Amino acid sequence: MEHELVTQWMQKSQDDYISATVLMDRVIPPQIEIACYHCQQCAEKALKAFCIYKNSEVQKTHNLIVLCQQCASLDSEFSTLIADCARLTPYSVQTRYPNNIEILESEAKAALVLAKKIYDFTENKVLKTK
C-alpha cells in the first residue's frame, strides 16, 4: 500500500512538471507564472512522496525548505537540495494571485530545471531502490 501511495505522489509530481513544460514550450505566449507554480508543486509532491516512503508524517506546508529539511533528517543527501527548494518556494503563493512581481522567462526556465532536478533526485531514492 505505501509503495502505491508513493508512486501516486510521484505521478502527481511528474504531472505538474509536464504541465509546467507545456505551459512554457507549447503555449503562446508562455504562461510563466503558472508554469512556476507547477514547478513548485512538482518539487513539493516529490518531497512529500519521500516522506511517505520513509513512513514520516507529511507536513501540511507549501514551504519546500521545511519539507527538504524534513527529508534531510531522514536522508542527509537531501541537504544538497535546500538552496534549490528556497528558489522554488515563493512560487507556491506569489504566482497564484494578482501581484506586482514580474517573473522573467529565464527564471521560469531555471525553475523547470530545478523542479526536474528535485524530481529526479527523489525518484532515484523512492522508485529505483525498491
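Residues numbered from 1 in each chain as written. Predicted model: local features only at pLDDT ≥ 70, side-chain atom pairs only at ≥ 80, totals over all residues. Heavy atoms only, no water.

(A) Spatial organisation of the packing of aromatic side chains. Counted by the stated rule, this structure contains three aromatic pairs. Ring centres 6.0 Å apart and planes at 40° place the aromatic pair Phe50 and Tyr53 in the tilted group. Of this pair, Phe50 and Tyr53 both sit in helix α2 (residues 32-53), separated by three residues, roughly a single helical turn. A residue is classified by how much of its surface remains accessible, and Phe50, at 1% relative accessible area, is buried. One aromatic cluster is present, formed by Phe50, Tyr53, Phe78 and Phe121 through successive ring pairs. The ring of Tyr17 carries the charged tip of Lys116 above its face, separated from the ring centre by 5.8 Å. (Phe/Tyr/Trp six-rings, centres within 6.5 Å; stacked < 30°, edge-to-face > 60°. Helix = DSSP H or I, 4+ residues; strand = E, 2+ residues; numbered from the N terminus. Buried < 20%, exposed > 50% of the residue type's maximum accessible area, 1.4 Å probe, protein only. Lys NZ or Arg CZ within 6 Å of the ring centre and 35° of its normal.)

(B) Summary view of the nonpolar core. One finds Leu47, Phe78 and Leu88 to be the most contacted residues of the largest nonpolar core, which totals 37 residues. Mapped onto this core, the elements with two or more residues apiece are α1 (2-25), α2, α3 (64-74), α4 (82-88) and α5 (105-126). Among the elements that take part in this core, α2 stands out by supplying twelve residues, more than any other. Excluding its chain neighbours within four sequence positions, the residues that come into contact with Leu47 are Leu64, Leu67, Cys68, Cys71, Phe78, Cys85, Ile118 and Thr122. (Core = buried A, V, L, I, M, F, W, Y, C linked by side-chain atoms within 4.5 Å. Contact = heavy atoms within 4.5 Å.)

(C) Summary view of the environment of Ile28. With respect to the helices and strands, Ile28 occurs in the loop between α1 and α2. With 34 residues separating them along the chain, Ile28 and His62 place their C-alpha atoms 29 Å apart.

(D) A look at α5. Here α5 contains 22 residues, and its C-alpha end-to-end distance of 32 Å stays within 8% of the 32 Å for a straight helix at 1.5 Å per residue. Considering only its buried residues, α5 is in contact with α1, α2 and α4. (Expected span 1.5 Å × (residues − 1).)

(E) Focus on the side chain of Lys45. If you trace the backbone, Lys45 turns up in helix α2. For Lys45, a relative accessible area of 18% translates into the label buried. Sequence-distant contacts of Lys45, defined by excluding residues within four places in its chain, comprise Trp9, Lys12, Ser13 and Asp16.

(F) Layout of the pattern of salt bridges. Throughout the structure, instances matching the rule amount to seven salt bridges. Linking Lys117 and Asp84 is a salt bridge whose minimum nitrogen-to-oxygen distance equals 2.8 Å. Taken together, the residues span a long stretch of sequence, with Lys117 in helix α5 and Asp84 in helix α4 at a distance of 33 residues. Its salt-bridge partner being Glu105, residue Lys109 comes within 3.6 Å of it at the nearest N-O pair. A residue pair is termed a helical-turn pair when its members lie 3 or 4 positions apart in one helix, as Lys109 and Glu105 do in helix α5 at four residues. (Salt bridge = Lys/Arg side-chain N within 4 Å of Asp/Glu carboxyl O.)

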